[in-house]
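Here are the chains, one letter per residue:
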Amino acid sequence: MRLPRRQHSVLPGFGLTLGFAVVYLSLVALIPMCALFLRARGLGWGGFWSTVTEPRVLAACRLSFGAAFIGASLNAVFGFVVAWTLVRYRFFGRRFIDAIIDLPFALPTAVSGIALTTIYAPNGWLGRALEPLGIKAVFTPLGVVIALTFIGLPFVVRTLQPALEDLEADVEEAAASLGASRTQTFRRVIFPAIIPSLLTGFALAFARALGEYGSVVFISGNLPGKTEIAPLLIVTQLEQYDYAGATAIAVLLLVISFAMLLVINALQRWSGRRHLRGV
Amino acid sequence: MSITVENISKSYGTFQALRGVSLDIPDSKITALLGPSGSGKTTLLRIIAGLETPDDGSGPIRFHHEDVAGRRVQERRVGFVFQHYALFKHMTVFENVAFGLRVRPKHERPANEVIDRKVHELLGLVQLDGMAHRFPSQLSGGQRQRVALARALAVEPRVLLLDEPFGALDARVRKQLRAWLRRLHDEIAITTIFVTHDQDEALEVADRVVVMNEGRVEQAGAPEEVFHDPATEFVMNFLGHVNVFDGRIEDGKVTFASVQIEHPAAAESESGPARVFIRPHELSLHLLPRSDSLPATVTGIHAAGPAVRLTLAAEGEHTFSADISQDVYRALKVSVGGRFWVLPKDLRVFPGGGPDAGRL
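Residues numbered from 1 in each chain as written. Chains lettered and ligands numbered in written order. Predicted model: local features only at pLDDT ≥ 70, side-chain atom pairs only at ≥ 80, totals over all residues.

Some words on the overall build of chain A
Here comes step 1: When you go through chain A residue by residue, the secondary structure sums to 13 helices and 0 strands.
Here comes step 2: Each helix (α) and strand (β) of chain A, taken in turn from the N terminus, gives the series α-α-α-α-α-α-α-α-α-α-α-α-α.
Here comes step 3: Reported as C-alpha extents along the three principal axes, the dimensions of chain A are approximately 75 × 60 × 30 Å.
Here comes step 4: Within chain A, the fraction of its 279 residues that count as buried is 33%.
Here comes step 5: Put simply, of all contacts in chain A between residues at least 6 apart along the chain, 78% involve residues at least 24 apart. (Helix = DSSP H or I, 4+ residues; strand = E, 2+ residues; numbered from the N terminus. Buried ≥ 20, exposed ≤ 12 C-beta atoms within 10 Å, placed from the backbone. Contact = placed C-beta atoms within 7 Å.)

The structure is reproduced here in structure tokens:
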């Protein structure tokens, strides 16, 4: 039996690039993660279970996932508004605002954490305004949400901008000529077209917020069971030389975030499946 | 639904796209807005649709007798077809066509069965009935444009407006769709305006052709009228290939390239420079001289086609072209370098000289 003649692709180097990608991914991500799982295995199933069901661990995970989810959701809504404004309108200072968007990327996270704490503290600019309303931001879960919203914003804006720029004006005009109002055009024509990008932005902001540490620790106050986030808890365990405990929490975090990213990915594929097909 | 626009102007910054255009569009006919790019034809179409607002001081836009100038596009009930289809990519062909019906206010919205029937009827009309569940990305350009047309027709528009509808298609599909649009219109007889820069397309499809240039209407009339009796030099030039000679009008006769011919336009005009326009098919070749024919030498032959196009050089190196039939081509044994007497069977004279003379 003879094998069919090998097909040569127009783009050379498939084998080389694939090999490199696999090796690179293994070195950078896969192997460290496997090490993590191996380390946690030393704990045994029972030990693992008792570690991750500790009230302090559960509270930290709940706060981390909850605050990251709220932050990413807020960014999805307001990041969309920002991206829309930047793409759709030409106004004085547009480029400046556009540059500011990247600030959370560029700033060392500890710096942003200190800055946020300073202005949201009861005697800070914003904290002073919030205090009479009975709202405390610093050393509360609200502070955690604020910090995670801050660092997630660029992800949503930067993924939405190209998608919004790609929307063709004539498609909206077509909807209008068919009798659709602005709201209907937005809901039925614009929104479905940008949903995949919005989900990507949300996923990125969420993932980033889950792992965020530097900007949160200052504003949250790290009260165990109240404003302590999971990444901080891991660090605390490490500092107490409880490596097994730290890896157990890390594994839990990893599994849950991986599952959530998978779900978001599936959603994205489902919503983008149609018009991305072979255009 | 007849359409009347009066004194419509539109400028974008310093660029004046339309300069006081007034126009009547007849009811239930296809009208072509024909002109080069930048002539304002698309702007006029978009203003009629309500996608663009005319400048202050412009006159009314009447659909039948109703002035719609203050109405938004949603309220004008126009079907608009875009050059690049503008289909909703995330919807199936069916949903694209149904869109206009689904966005109606609740009390006007037809029941699902009615929408279903109507969409299938329209897809049948544009010969895409089997494609209802495909997505636009799975269709060819010609099919996409037919979906766009069905979508526009679904809202039962009062007028159908097409902006270079075949502009993005390849030549073959374009020809097919042209003929198909003509047949479709004969079936549904809706007032239709389409924009094109292709004179063949305009002359073939339209009942009426409006030739536009630099934001003005140069001429409006039946295709034969604008082709055979162009009102201006621009129209003459734009509607197909034409030979231009610089000449003079003297004593009621026109002189150009060594011939002198009597012409009614020359009889009416005073003496002075003039430009003479002759289409290639209006020239015939002869072996014997006549007083009203000019000697010329054949310098090029293009015989692959229904007619033979000759490139000829007259005295003074003036080159021009002539179309002769294949029979004549063979009978006269035309070859490069051959000398013939060329007789203008018909010609148009516009008094004045220079490239811009004679323009309105």
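Observations regarding the overall build of chain B
Here comes step 1: A count of helices and strands for chain B gives 11 helices and 20 strands.
Here comes step 2: Across its three principal axes, chain B shows a C-alpha extent of roughly 80 × 50 × 35 Å.
Here comes step 3: Looking at chain B residue by residue over its 360 residues, the buried ones come to 39%.
Here comes step 4: Within chain B, contacts between residues separated by at least 24 positions form 66% of all contacts whose residues are at least 6 apart in sequence.

Some points on the interface of chain A and chain B
It is common to give the size of an interface as the accessible area that goes away when the parts come together.
Here comes step 1: The partner chain B presents 20 residues to the 20 residues of chain A that form the contact.
Here comes step 2: If one sorts the elements of the side of chain A that touches chain B by residue count, helix α9 (residues 169-177) of chain A sits on top with 6 residues.
Here comes step 3: For the side of chain A that touches chain B, a count of residues per class yields 9 nonpolar, 6 polar and 5 charged. (Nonpolar A, V, L, I, M, F, W, Y, C, P; charged D, E, K, R; others polar.)

Some points on the nonpolar core
Residues and elements named next belong to chain B.
Here comes step 1: Ala32, Ile48 and Leu161 are the most contacted members of the largest nonpolar core, which has 134 residues in total.
Here comes step 2: Discounting residues that sit within four places of it in the chain, Ala32 has contacts with Phe194, Thr196, Ala202, Val205, Ala206, Val209 and Val210.
Here comes step 3: Ile278, Phe320, Phe340 and Phe350 belong to the second-largest nonpolar core, a separate cluster that totals 22 residues. (Core = buried A, V, L, I, M, F, W, Y, C linked by C-beta atoms within 7 Å.)

Some words on helix α8 (residues 141-166) of chain A
Here comes step 1: The end-to-end C-alpha distance of α8 of chain A, which contains 26 residues, comes to 38 Å, matching closely the 38 Å that a straight helix rising 1.5 Å per residue would cover.
Here comes step 2: At Gly152 of chain A, α8 of chain A shows its maximal kink, close to 40°; a proline, Pro154 of chain A, follows between one and four residues later. (Expected span 1.5 Å × (residues − 1). Bend = angle between axes of the 7 residues up to and from the residue.)

Concerning the sheet that holds strand β5 (residues 66-67) of chain B
Residues and elements named next belong to chain B.
Here comes step 1: Taken together, the 4 strands give an open sheet; going across it, the order is β2-β1-β4-β5, and neighbouring strands pair in antiparallel fashion. Bordering the open sheet on either side are β2 (15-25) and β5, each of which pairs with just one other strand.
Here comes step 2: Pairing between strand β4 (residues 61-63) and β5: 2 bridges, direction antiparallel. Bridge pairing in β5 links Arg62 to Asp67.
Here comes step 3: Strands β1 (3-12), β2 and β4 of the sheet are contacted by helix α1 (residues 41-49), whose axis makes an angle of about 120° with β1. (Pairing = 2+ DSSP bridges. Axes fitted to C-alpha atoms, helices over the stretch in contact; angles between N-to-C directions.)

Comments concerning the pairing of strand β6 (residues 78-81) of chain B
Residues and elements named next belong to chain B.
Here comes step 1: Residues Val78 and Phe80 point to one face of β6 and Gly79 and Val81 to the other, with burial holding for every one of them.
Here comes step 2: Bridge analysis of β6 against strand β7 (residues 159-163) gives 4 bridges, and the strand direction is parallel. Bridge pairing in β7 links Val78 to Val159.

A look at the packing of α8 of chain A against helix α10 (residues 182-211) of chain A
All names here are of chain A.
Here comes step 1: In the contact formed by α8 and α10, the axes pass within 8 Å of each other and the chain directions differ by 155°. As judged from the angle between their axes, α8 and α10 are roughly antiparallel. The two elements α8 and α10 meet at a crossing, and its hand is right-handed. Seen from α8, the contacting residues are Leu148, Ile151, Gly152, Phe155, Val156, Thr159, Leu160, Ala163 and Leu164; seen from α10, they are Ile194, Ser197, Leu198, Thr200, Gly201, Phe202, Leu204, Ala205, Arg208 and Ala209. (Parallel < 35°, antiparallel > 145°, perpendicular 65-115°, else oblique. Left-handed = near helix turned anticlockwise from the far one by under 90°.)

Let's talk about the pairing of strand β12 (residues 253-256) of chain B
Residues and elements named next belong to chain B.
Here comes step 1: Burial of the side chains of β12 is restricted to one face: Val254 and Phe256 are buried, whereas none of Lys253 and Thr255 on the reverse face is.
Here comes step 2: In terms of strand pairing, strand β11 (residues 243-250) meets β12 through 4 bridges, oriented antiparallel. Looking across to β12, one finds that Gly247 is bridged to Phe256.
Here comes step 3: Between β11 and β12, which pair antiparallel in sequence order, lie 2 residues; one of them, Asp251, sits at a positive phi of approximately 50°.
Here comes step 4: Bridge count for β12 against strand β13 (residues 259-262) is 4 bridges, and the pairing is antiparallel. If you follow Thr255 over to β13, its bridge partner there is Gln260.
Here comes step 5: Connecting β12 to the next strand, β13, in antiparallel fashion are 2 residues, including Ala257 with a positive phi near 40°.

What about the sheet that holds strand β3 (residues 30-34) of chain B?
All names here are of chain B.
Here comes step 1: Pairing is mixed across the open sheet formed by 6 strands, whose spatial order is β6-β7-β8-β3-β9-β10. A strand with exactly one partner marks an edge of an open sheet, and here the two such strands are β6 and β10 (216-221). Put simply, the sheet's adjacent strands are angled 15° from each other on average, direction ignored.

Considerations on the environment of Val173 of chain B
Residue and element names in this part refer to chain B.
Here comes step 1: Within the element layout of this structure, Val173 appears in helix α6 (residues 171-188).
Here comes step 2: Judged by C-beta crowding, with 16 C-beta atoms within 10 Å, Val173 ranks as partly exposed.
Here comes step 3: Through-space distance from the C-alpha of Val173 to that of Ala257 is 42 Å; in sequence the pair is 84 residues apart.
Here comes step 4: Beyond its immediate sequence surroundings of up to four residues, Val173 is in contact with Gly141 and Gly142.

Some words on the packing of helix α3 (residues 55-88) of chain A against α8 of chain A
Each pair of packed helices gets described by two things: the angle between the helix axes and the distance between those axes.
All names here are of chain A.
Here comes step 1: Two elements in contact, α3 and α8, have axes whose closest approach is 5 Å; the angle formed by their N-to-C orientations is 40°. Taken together, α3 and α8 sit at an angle that is classed as oblique. Considering only the axes of α3 and α8, their crossing is right-handed.
Here comes step 2: By residue class, the composition of the contact of α3 with α8 is 22 nonpolar, 6 polar and 1 charged.

A look at the environment of Glu131 of chain A
Here comes step 1: By the element assignment, Glu131 of chain A lies in the loop between α7 (125-130) and α8.
Here comes step 2: Glu131 of chain A sits 35 residues away from Asp166 of chain A along the chain, and the two C-alpha atoms are 44 Å apart.

Structural notes on the confidence of the model for chain A
Low-pLDDT stretches of the model should not have their predicted coordinates read in fine detail.
Here comes step 1: Within chain A, residue pLDDT values average 86, and 94% of them lie at 70 or more.
Here comes step 2: Within the model, the stretch residues 275-279 of chain A combines pLDDT values under 50 with 9 contacts to residues more than four positions away or in other chains. (pLDDT = per-residue confidence, 0-100.)

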